[in-house]
Amino acid sequence: MNKKRVYSFGNGNAEGKADMKNLLGGKGANLAEMNLIGVPVPPGFTITTEVCTEYNELGKKPVVELLKPEVEAAIHNIERLTSTKFGDAQNPLLVSVRSGARASMPGMMDTILNLGLNDEAVAGIAKKSGNEWFAWDSYRRFVQMYGDVVLGMKTESKDEIDPFEKIMEAVKEVKGINLDTELTVEDLKDLVKRFKKAVKEQTGKDFPTSAWDQLWGAIIAVFDSWQNTRAIYYRRLNNIPDEWGTAVNVQAMVFGNMGNTSATGVAFTRDAATGENLFNGEYLINAQGEDVVAGVRTPQEITLEGSRRWANLQNIPENERATKYPSLEETMPVLFKELNSVQQKLEDHYKDMQDMEFTIQEGKLWLLQTRNGKRTGAAMVKIAMDLLREKTIDEKTALLRLEPNKLDELLHPVFDSVAIRSANVLAKGLPASPGAATGQIVFFADEAGNYENSILVRIETSPEDLEGMNVARGILTARGGMTSHAAVVARGMGKCCVSGAGSLRVNYKTRTVTIGDITLNEGDWISLNGSTGEVYEDKVMTRKPDMSGDFGLIMEMSDKFTRMNVRTNADTPKDAKTAREYGAKGIGLCRTEHMFFEGSRIKAMREMILASTTTGRKKALAKLLPYQREDFEGILEAMAGYGVTIRLLDPPLHEFVPHQLATQKELADEMGISLDMVKAKVAELEEFNPMLGHRGCRLGNTYPEITEMQARAIIEAALNLKSKGIDARPEIMVPLVGTIKEFEIQAEIIHKTAKKVFEERNDSIHYQVGTMIEIPRAALTADLIAREADFFSFGTNDLTQMTFGYSRDDAGSFLPIYINKGILKNDPFQVLDQDGVGLLVKMGTEKGRSAKPDLKVGICGEHGGEPSSVEFCHNVGMNYVSCSPFRVPIARLAAAQAAIR
Ligand code: PEP
Ligand code: MG
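Residues numbered from 1 in each chain as written. Chains lettered and ligands numbered in written order. Predicted model: local features only at pLDDT ≥ 70, side-chain atom pairs only at ≥ 80, totals over all residues. Heavy atoms only, no water.

Colleague: Describe the sheet that holds strand β2 (residues 13–14), listing the residues and the values that go with them.
Modeller: The strands that make up a sheet pair up through hydrogen bonds in the backbone, lying either parallel or antiparallel. Here we have six strands laid out as an open sheet, ordered β2-β1-β3-β6-β4-β5, and antiparallel in their pairing. The open sheet is flanked by β2 and β5 (111–115), the only strands paired with a single partner. Here strand β4 (residues 95–101) pairs with β5 via three bridges, running antiparallel. Opposite R98, over in β5, you have T111 as the bridge partner. (Pairing = 2+ DSSP bridges. Helix = DSSP H or I, 4+ residues; strand = E, 2+ residues; numbered from the N terminus.)

In structure tokens, the structure reads:
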């Protein structure tokens, strides 16, 4: 049988269904499904994502040949269902052509509406609808969209003014009007003429008049848009594979701009910002879909309740609200009821919050799209837990609904409650994406990186701004509702955003924003509250939020299913405490070198390094001992009852010596030696490749007295705590082991020291001695090492460095390019390379356990808090992952998800 490339739907029938997302894209699969469950959807068809891949391989001509019979049949099917004819002058079928990938990529790819119009068909539509203005306005929009998207009229220039908009603005200025709706039929006719002329001038080609030519051009343009810069960037940001491709959805047009019984809007079954179970959304009477999202006209609320809240936000009295901004519930009560029951039906069916697009054409409701709605981290948690409480989903499903990385948003800053009291509110917009942000104003997305903390201020944002939005701390726009591009994208990123702050006057030329009588310049500080919509003058201090309620329940539920423990990487009692509050069960890595930098410690450390004899070194180490012991007591106490893995000194010694003349002089004076001697020692420590040099256990094996001192400090600290009734559980870890002998010698020193301390104190304590597995050779000989070690901890930072041969410190110069070019999918220092480095981790674990079946295995590289890497660690059979304190909740959830999956 021939491969099927086109799937039709309409009038309650469909060839596809919801679980065919990979083939039909999210939009196409759901359009089919809506037909099957009796939701009104304009008839149409979906060209599969596989065709996009074929197109990328074969090019335009062969793909059009392949598609032709099926697309023609599918168009005839729409003609039959709508009693119209594609390309006809009297009774033309008009269609929309939209992209639709497996994962939703809002605004990233292209859409063309009203396709099928030409100079004849426009007359047919005018006659059929009895509305000449509508017909010409549709034609005007079509030429503009098609010109921009298919014929490449839109420039990539920074001021982003669409060439057609320029023509429109000029006409409006001459006529002295503001709104598009004030244009007359004659104006619209004139505009279409001018638009086409501009197309001819800029592209050298005539605007296509044949509906079929238009259709093929649009289909190919949608496939091409898979490869546009913003789509590629969005995919990188959201880990969407390039090879997925997009489907193309062609659908009979329905019009929300056919007069006052027509409307169009976007609706959510629950609140996408807070998660509250409240049907809400925005609509505009007599408008086409892009009018709502473009934010040119301020959309109104769908429900009366929402509208009241919205109005309150804007401080508008109730009577004024009802006349100026009535809800759909008030303007079209019967249709509202119908829409309300559709939204219920869709949420019940999909068992998740839905984000829908609808159009009302002359009193008839049509759904154009439904999908699981994007939401903030807070809404994600609330919706999952509410659906669980409503018994719509079970615990496992609720946990799997959560995106671990998004929990991060719940840990996001809020304004300091004291600082905010004296802050001056400049303006109020819509609370588009929660959190607090403070930063310096930038007006252009590509300048967001100019300050460490920037707030991107725009009249409105467009998909081209994506990268800058990601870099900025917060986003503020003058136009646009809760479903504007800025709002949707910011929520997806978990970035604080205030949109539609109407009192802002942004001037890109002068790089200023005026609010009332205050004018702010680029670089001035402002602050945003994305949860209330407030905009404040100046910098306002932010602080961390407190977490309780559903967040706590999710963490509890995670622990019920999880098999791995989550530990933390912490070097101070403070970090250990924070991590413990987030649910860390132990420390997986305490880097002792961080303890050597403060005050008099660094002096003693330098003295030790500069000493030329063992006696000299021992003398300096004796000074360090009490500091170390005190530090270890603090951290062991903060994690009492749980294992604390303390790693012996790891970095190359040159990191501890002064490199500037002034400090070298100071050191020489302090130590009573000559400057030249200091200089000579510093020079001696200089290495060509310090990461592969004299570091890790190579230090302890050349200067055993260092290991001795550290082991003594750890054991003494634990004994001191024991005497106070505190349950200290030290695990001493040897870094950078490559051969079993290296480990054996270190372990022997530790055990000898412990024995000595026990004898001195006439007391003892349980401790473990294990090793990091961070050199490929250690992974390869893990069975030998496991015979002597109590535990393994994979140091995937060094293991990645040495497996790839990429310097951790220098990879920044080429990794971004490698990722951009697709040579690497991810930064392997962030996301564990499962195929390569992961293989060593797997082998190391298996070999280790073959020698010692109950060997404790964990990970303490950066990957320990990254969800896909956590899942890998679970699958390998690790006992725990260890990550920085703020990633502990993320790792707990990811570990539970791995166990459930
Ligand atoms: C590692 O190498 O993965 C590790 C945790 O140690 P460090 O980052 O301190 O080298
Ligand atoms: Mg390391």
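Colleague: I'd like a rundown of the domain arrangement of the protein, residues and numbers included.
Modeller: On domain assignment, one finds that the protein holds domain 1 (1–117 + 211–253), domain 2 (119–208), domain 3 (263–375), domain 4 (413–543) and domain 5 (562–652 + 687–900). Centre-to-centre separation of domain 2 and domain 5, based on C-alpha positions: 65 Å. (Domains from an automatic or database assignment.)

Colleague: Describe the pattern of salt bridges, listing the residues and the values that go with them.
Modeller: Proximity of charged atoms lets side chains of opposite charge pair with each other. In the structure shown here, the tally under the stated rule is 59 salt bridges. Residue R235 is joined to D242 by a salt bridge in which the shortest nitrogen-to-oxygen separation is 2.9 Å. A relative accessible area of 1% places R235 in the buried class. Between E320 and K324 there is a salt bridge; the shortest N-O distance is 3.4 Å. Note that E320 and K324 are positioned in helix α12 (residues 318–324) at a spacing of four residues, about one turn of the helix. (Salt bridge = Lys/Arg side-chain N within 4 Å of Asp/Glu carboxyl O. Buried < 20%, exposed > 50% of the residue type's maximum accessible area, 1.4 Å probe, protein only.)

Colleague: Describe the coordination of the magnesium ion (ligand 2), and please don't skip the residues or the numbers.
Modeller: Note on the magnesium ion (ligand 2): its protein donors are E774 (OE) and D798 (OD). The metal-donor distances range over 2.0 to 2.1 Å. In this pair, E774 sits in the loop between β29 (768–773) and α30 (776–780) while D798 sits in helix α32 (residues 796–804), placing the two residues 24 residues apart along the sequence. Taken as a pair, E774 and D798 share a single burial class, namely buried. (Donors = N, O, S within 2.8 Å, 3.2 Å for Na, K, Ca; no water.)

Colleague: Describe the site of ligand 1, naming the residues involved and giving the relevant values.
Modeller: Residues in close proximity to ligand 1 total 14 residues, the closest being R591, R647, G795, N797 and R808. R647 places a polar side-chain atom, nitrogen or oxygen, 2.9 Å from an oxygen atom of ligand 1. At 3.3 Å from an oxygen atom of ligand 1 is found a main-chain nitrogen or oxygen belonging to G795. Burial of ligand 1 by the surrounding chains reaches 96%, relative to a free accessible area of 290 Å². Looking at the shell around ligand 1, the elements that each hand over two or more residues are β26 (587–591) and α32. Classifying every residue of the shell around ligand 1 gives three nonpolar, four polar and seven charged. (Near = heavy atom within 4 Å. Polar contact = N/O pair within 3.5 Å; in protein donor to acceptor, adjacent residues only side chain to side chain. Areas by Shrake-Rupley, 256 points an atom, 1.4 Å probe, with all protein chains shown as cover. Nonpolar A, V, L, I, M, F, W, Y, C, P; charged D, E, K, R; others polar.)

Colleague: Residues and numbers for unusual backbone geometry, please.
Modeller: Within the chain, N11 stands out as a residue other than glycine whose phi angle is a positive 55°. Turning to its location among the elements, N11 is positioned in the loop between β1 (6–10) and β2. For N762, which is not glycine, the phi torsion reads 55° and is therefore positive. Following the sequence through the fold, N762 ends up in the loop between α29 (740–761) and β29.

Colleague: Residues and numbers for the pairing of strand β23 (residues 534–537), please.
Modeller: Inspection of the sheet shows strand β13 (residues 425–428) paired to β23 by three bridges, in the antiparallel sense. Its bridge partner lying in β23, K428 is registered against E534. One ladder, built from four bridges, connects strand β22 (residues 525–529) with β23; its direction is antiparallel. Looking at β23, one finds that L528 is bridged to V535.

Colleague: Report on the side chain of S138, specifying residues and quantitative values.
Modeller: Secondary-structure assignment places S138 in helix α5 (residues 132–149). Discounting chain neighbours no more than four positions away, the residues touching S138 are N114, L117, F255 and N257. (Contact = heavy atoms within 4.5 Å.)

Colleague: Describe the sheet that holds β13, naming the residues involved and giving the relevant values.
Modeller: Spatially, the eight strands line up as an open sheet ordered β13-β23-β22-β15-β16-β17-β18-β14, and their pairing is mixed. Of all the strands in the sheet, just β13 and β14 (430–433) have a single pairing partner and so form its edges. For this sheet the average axis-to-axis angle between neighbouring strands, irrespective of direction, equals 30°. In the sheet, strand β16 (residues 454–458) pairs with strand β17 (residues 474–477) via four bridges, with the strands oriented parallel. Residue pairing for β17: L456 is matched across the bridge by I475. (Axes fitted to C-alpha atoms, helices over the stretch in contact; angles between N-to-C directions.)

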